[in-house]
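Summary of structural features
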Amino acid sequence: MATLVDKPPKGPEWVFEVKWDGYRLAVHVEPGEVRAITRGGYDWSKKFGSIVAEARQLGHTTMIIDGEAVVLDDQGRSDFGLLQRAVGRRPSLHDAAEIIFYAFDLLYLDGQDLRMMPLVERRRLLEPIVAGREGAIRFSEEVNADGAEFFRVACEMGLEGIIAKRRDAPYRSGRRPEWLKIKCARQDTFVIVGYEPSTVPGAIGRLLLAARKGDDLVYVGGCGTGWSNQESVALRELLNAIPVDRPAIALKRKGAVFSRPLLVADVEYRAWTQDEKLRHPSFKGVREMVGPSDVYEIKPA
């Protein structure tokens, strides 16, 4: 597993890849059987049937391939929400046939344990097996670029982030410094329309947030992290001082306390979900709203 750091490393010993936003899988190819094993050790072969079927056709009797199962949005970016719906039980516009396995490492091949080989050698063996394929299994390409520049472009494109790996490192399990992840983060401003109380007396559990959409405010989710207990108590006092009988958004939430939309929160988050909710929001500050232009606007599709 990769270690989270704030910025990409420098030096010729590092190579870079896109950080895929999906389910980490090890695809085990064995005589007569192919299994897709999750990071937690679960056999999800039935959920990833198209990947399993294609792995049978890769031309080797035994293999263990490390990679990420994803579903791509209409701009070619991996979207975890789309993947969850594709493997879920509820009806979805996305089905399991759309799941792609991006292979980025090879642990075992035709009876040989490759884990002590350097990454560059494992990738050299993996590439001819999966590169050039356009089906359910594809090669996760390395990007030959300066890490800082690649990270900047990745964030501009709306990707989740990038991965940095040491060329000379063997494959070791666990969270290691030889693999690093650098995540893109966005920060915008949203109206606070209320809160859900915390189990801690006098504190806030989650802020309820809204964005502009045309002439209306729409709910974009709750934020439950980013403040100290003292800040949480102060926020609750602020919102209790501006109560409202009718919420500024169409939202029914048991136990929620709604307030007048006079305060805005600066929020850092990772991405938008398909149903226009914030993914992994974190509170960064609060202030009075000067005008509607202060608030993030969701553009019509």
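Summary of the structure given here. (Residues numbered from 1 in each chain as written. Predicted model: local features only at pLDDT ≥ 70, side-chain atom pairs only at ≥ 80, totals over all residues. Heavy atoms only, no water.)

1. Let's talk about the packing of aromatic side chains
Here is the rule: Side-chain rings of Phe, Tyr and Trp (the six-membered ring for Trp) are treated as a pair once their centres are within 6.5 Å; stacked means planes under 30 degrees apart, edge-to-face means over 60, and tilted covers the remaining angles. We count a stretch as a helix when DSSP gives it H or I for four or more residues in a row; a strand needs E for two or more, and each element gets its number in order from the N terminus. Per-residue accessibility, obtained with a 1.4 Å probe over protein chains only, is compared with the maximum for each type, and a residue is labelled buried under 20%, exposed over 50%, and partly exposed between these values.
Taken as a whole and judged by the stated rule, the model has 12 aromatic pairs. Relative to Trp 272, the ring of Phe 190 lies with its centre 6.0 Å away and its plane at 65°, an arrangement referred to as edge-to-face. Of this pair, Phe 190 sits in strand β11 (residues 186-197) while Trp 272 sits in strand β16 (residues 271-272), placing them 82 residues apart in sequence. In terms of burial, Phe 190 and Trp 272 fall into one category: buried. Geometrically, the ring pair formed by Tyr 269 and Trp 272 is edge-to-face, given 5.7 Å between the ring centres and 75° between the ring planes. Assigned by exposure class, Tyr 269 and Trp 272 land together as buried. Taken together, the ring pairs in this structure connect Phe 190, Tyr 269, Trp 272 and Tyr 296 into an aromatic cluster.

2. A few points about the state of the cysteines
We apply this condition: Here, two cysteine sulfur atoms that lie within 2.5 Å of each other are counted as a disulfide.
All chains considered together, the criterion is met by one disulfide. A disulfide bridge connects Cys 155 with Cys 184, and the sulfur atoms are separated by 2.0 Å. Measuring the twist about the S-S bond at about -90°, one finds the Cys 155-Cys 184 disulfide to be left-handed. With Cys 155 in helix α4 (residues 147-156) and Cys 184 in the loop between β10 (176-183) and β11, the pair connects residues that are 29 residues apart, well separated along the chain.

3. What about unusual backbone geometry?
Positive phi values are uncommon outside glycine, yet Asp 110 reaches one of about 50°. If you trace the backbone, Asp 110 turns up in the loop between β6 (100-109) and β7 (112-113). With a relative accessible area of 43%, Asp 110 lands in the partly exposed category. In this structure, His 280 is a non-glycine residue whose phi angle is positive, near 55°. Here His 280 lies in the loop between β17 (278-279) and β18 (282-288).

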